[in-house]
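Each chain is listed here by its residues.
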Amino acid sequence: MKIQVVENVLKANDAIASANRQRLDAANVLAINLMSAPGSGKTTLLEKTIPAVGNDSRCAVLVGDLQTTRDAERLGQVAVDTVQINTGTGCHLSAAQVAEGLNALDLNRLAILFIENVGNMVCPAAFELGEHVKVVLLSIAEGDDKVAKYPTLFQQADVVLLTKIDLSEILEFNHDRVRDDLSRLNTRAPLIEISSKTGQGMDRWLDWLREQQHQ
Amino acid sequence: MHEMAIAMQLVDQVVAVAEAHRVRSVEEVVVEAGAMRQIVPDALELAFSVVAEGTVAQGAQLRLIEVKSVARCRKCECEFAPELDNYVCPECGQADTRIVAGNDIILKTVTGSEDDGGRSS
């Protein structure tokens, strides 16, 4: 016998993602999903961003990694609250893991929740978490060919941060190649060149963040 | 390897369908996947076969049909079929799109036999 089903396989994840979104909206918390390859500077960016957004914007972080609490320990120094999610062998955060993370936070105390996804340029792009905006990082060290290699991630981005911009000359990074590739995938997301080390571009990134809070 | 997470959801759904229709042995599962979901067919088939072990779906064939995505331009509302590496609107030249179709993974059909014995239905 052949049974017609027509059921979305990701409906369980999507349903939890929209429940997450409702909880965040009810508490008036802006949730930001940060996605990139490992080592692109997500954690360092947050270490610099959170103290700079101002006292009236209390920030928490949900951080996903396969193993260790290293990122949570680092971010615990700057965030109001930090929850480390260890995914074991999982290559992305799921909405259910974020829901558990939300349970561990007092959302009413927060203005911004950063969700630092597992370092990976493929799988996180397939799973909605309930976030309001998606931030995609690409570091100079990864090379100027990556936008075209991982198009789905960049197509979804609300902003693209080109990080470690201080390494640009040393690594002979071709900025035009990135702009050109992005022009075919996503002309909506601004491209912000930034260095957590020197502070270059930090103002523009913080301005962008504040704009999101007012939307 | 997000295929493993997808396979786990899929097997849960197949098992639920099989139970609801008193299917004892699933032979074929047909899934439609949007191109934007970046599923590697071999990886999903392998993950499915591993997760299905010990369930009514053990040994079932997974047939994956890739469907083209449809993008809608946020600037001019034009709908078009984007390529994985090109989302430029053919009308206005912007790449500011929302995926409005073909972004899902849909379990279409489950085929199986009601009896416990043979694999023919």
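Quick note: structure is the one above.
Just so you know, these numbers come straight off a predicted model, no measurement behind them.

Draft legend 1. Region of interest: the pairing of strand 2 (residues 61–67) of chain B. All names here are of chain B. The sheet contact formed by strand 1 (residues 25–34) and strand 2 spans 7 bridges and is parallel. Each bridged residue has a counterpart across the sheet, and for Val 30 the counterpart in strand 2 is Arg 63. This β-α-β element, strand 1 to helix 2 (residues 41–52) to strand 2, shows right-handed connectivity.

Draft legend 2. Quick look at the sheet that holds strand 6 (residues 133–139) of chain A. All names here are of chain A. Taking strand neighbours across the sheet as the criterion, the 7 strands line up as 4-3-5-2-6-7-8 in an open arrangement whose pairing is parallel. In this open sheet, the two edge strands, each paired with only one partner strand, are strand 4 (81–86) and strand 8 (191–193). The mean angle between the axes of side-by-side strands here comes to 20 degrees, regardless of whether they run parallel or antiparallel. Alignment of strand 7 (residues 159–163) against strand 8, held across 3 bridges, turns out to be parallel. Opposite Val 160, over in strand 8, you have Leu 191 as the bridge partner. Sitting on the sheet, helix 2 (residues 42–52) is in contact with strand 2 (30–35), strand 3 (59–65), strand 5 (112–116), strand 6 and strand 7, with an inclination near 165 degrees to strand 5. Strands in contact with helix 8 (residues 202–213) are strand 2, strand 6, strand 7 and strand 8; relative to strand 8, the strand with the most contacts, it is inclined by about 140 degrees.

Draft legend 3. Region of the structure containing the packing of helix 1 (residues 3–20) of chain B against helix 2 of chain B. Residue and element names in this part refer to chain B. Interhelical geometry of helix 1 versus helix 2 gives an angle of 50 degrees and a closest axis separation of 8 Å. Between helix 1 and helix 2, the interaxial angle falls into the category oblique. Between helix 1 and helix 2 lies a crossing whose hand is right-handed. In this structure, helix 1 contributes Glu 3, Met 4, Ile 6, Ala 7, Met 8, Leu 10 and Val 11 to the contact, and helix 2 contributes Ala 43, Leu 44, Ala 47, Phe 48, Val 51 and Ala 52. In the contact of helix 1 with helix 2, the residues fall into 12 nonpolar, no polar and 1 charged.

Calculation notes
- Residues numbered from 1 in each chain as written.
- Chains lettered and ligands numbered in written order.
- Predicted model: local features only at pLDDT ≥ 70, side-chain atom pairs only at ≥ 80, totals over all residues.
- Pairing = 2+ DSSP bridges.
- Helix = DSSP H or I, 4+ residues; strand = E, 2+ residues; numbered from the N terminus.
- Right-handed = clockwise from strand over helix to strand, strands pointing away.
- Axes fitted to C-alpha atoms, helices over the stretch in contact; angles between N-to-C directions.
- Contact = placed C-beta atoms within 7 Å.
- Parallel < 35°, antiparallel > 145°, perpendicular 65-115°, else oblique.
- Left-handed = near helix turned anticlockwise from the far one by under 90°.
- Nonpolar A, V, L, I, M, F, W, Y, C, P; charged D, E, K, R; others polar.

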